[in-house]
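This is what each chain is made of:
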Amino acid sequence: IIAVDEKPHFWDEASAQLMRRDRILRKLIPLHGSEALSASATPFMTLARAIIGQQVTIASAESLWQRFTDKCGRKPTPGSVLKVSGDELRAAGLSKRKTEYVLDLAVHFAEKKVRPATWASMDDEAVVADLCAIRGIGRWTAEMFLIFSLRRPDVLPLRSEEHTSELQSHSDLV
């Protein structure tokens, strides 16, 4: 969350539209009027944290991240991660699969197979395709990255038809 003067350019218009269209958001948004999305950590750190936090509780994700950063540095980089062996990452609590995914992420960044500096000028689908080429990053994670790191408007990550129908039953938006 950031200060009002640093809001994404679309924030006020989007907030007004959501309040016009949804009875629940009409009540909630004014309670948080001075808050907006903030750009998060580096793309590498954000994606590493997303991978490490997949399919575990928030408390477990925090614990795993702490042990990961103990091994790879407080602000891990692709280089610092690649200096740590898979066995060391496993000893820090990462599963075999998450270890493979984090190392693949580091390789993609280190070998410039992904170019985060270009993501701002790419359309959403191109960024999603770029990210989904990395093992351990699926469409939902890529779309969450679009929202919270690139601060893109008009992204609604839904994992299934079940989520869509559940959302429809509680909202005026869909």
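Calculation notes
- Residues numbered from 1 in each chain as written.
- Predicted model: local features only at pLDDT ≥ 70, side-chain atom pairs only at ≥ 80, totals over all residues.
- Heavy atoms only, no water.
- Helix = DSSP H or I, 4+ residues; strand = E, 2+ residues; numbered from the N terminus.
- Salt bridge = Lys/Arg side-chain N within 4 Å of Asp/Glu carboxyl O.
- Buried < 20%, exposed > 50% of the residue type's maximum accessible area, 1.4 Å probe, protein only.
- Expected span 1.5 Å × (residues − 1).
- Arc of directions from axis to C-beta.
- Contact = heavy atoms within 4.5 Å.
- Core = buried A, V, L, I, M, F, W, Y, C linked by side-chain atoms within 4.5 Å.

## Some details on unusual backbone geometry
Right, on to step 1. In this structure, Q55 takes a positive phi of about 60° despite not being glycine.
Right, on to step 2. Relative to the helices and strands, Q55 is located in the loop between α3 (43-52) and α4 (58-72).
Right, on to step 3. Non-glycine residue K112 carries a positive phi angle of around 55°.
Right, on to step 4. Topologically, K112 is positioned in the loop between α7 (96-110) and α8 (116-119).

## Section: the pattern of salt bridges
Pairing between side chains of opposite charge can happen when their charged atoms approach one another.
Right, on to step 1. Taken as a whole and assessed by the stated rule, the structure comprises 7 salt bridges.
Right, on to step 2. A salt bridge links R152 to D124, with the nearest nitrogen and oxygen atoms 2.5 Å apart. Placement of R152 in the loop between α10 (139-148) and α11 (161-170) and of D124 in helix α9 (residues 124-132) is noted, with a sequence separation of 28 residues between them.
Right, on to step 3. Ionic pairing is found between R139 and E125, a salt bridge with its closest N-O pair at 2.5 Å. Of this pair, R139 sits in helix α10 while E125 is found in helix α9, placing the two residues 14 residues apart along the sequence.
Right, on to step 4. Among the residues examined, E125 registers a relative accessible area of 45% and is labelled partly exposed.
Right, on to step 5. In the salt-bridge network here, residues are joined through shared partners; they are R97, E100 and R135.

## A few points about α4
Right, on to step 1. For α4, which comprises 15 residues, the first-to-last C-alpha distance of 20 Å matches the rise-based estimate of 21 Å (1.5 Å per residue) to within 8%.
Right, on to step 2. Within the span of α4, buried status applies to A61, L64, W65, F68, T69 and C72. The buried residues of α4 occupy one face: seen down the axis, they fall within an arc of 135°. Exposed positions of α4 whose direction lies more than 90 degrees from the buried face are A59 and D70.
Right, on to step 3. Where α4 is buried, its residues meet α3, α5 (78-82), α6 (86-91) and α7.
Right, on to step 4. Positive backbone phi, approximately 105°, marks G73, located one or two places after α4.

## So, α10
Right, on to step 1. Taken as a whole, α10 has its buried residues at T141, A142, E143, F145, L146 and I147.
Right, on to step 2. Residues of α10 that are buried make contact with α3, α8 and α9.

## Examining the nonpolar core
Right, on to step 1. One finds L47, F68, L105, W119, L131 and I137 to be the most contacted residues of the largest nonpolar core, which totals 30 residues.
Right, on to step 2. Among the elements of the structure, α3, α4, α7, α9 and α10 are those that each provide at least two residues to this core.
Right, on to step 3. Per-element accounting of this core gives the leading share, 6 residues, to α3.
Right, on to step 4. The contact partners of L131, leaving out residues within four places of it in the chain, are L47, W119, I137, A142 and F145.

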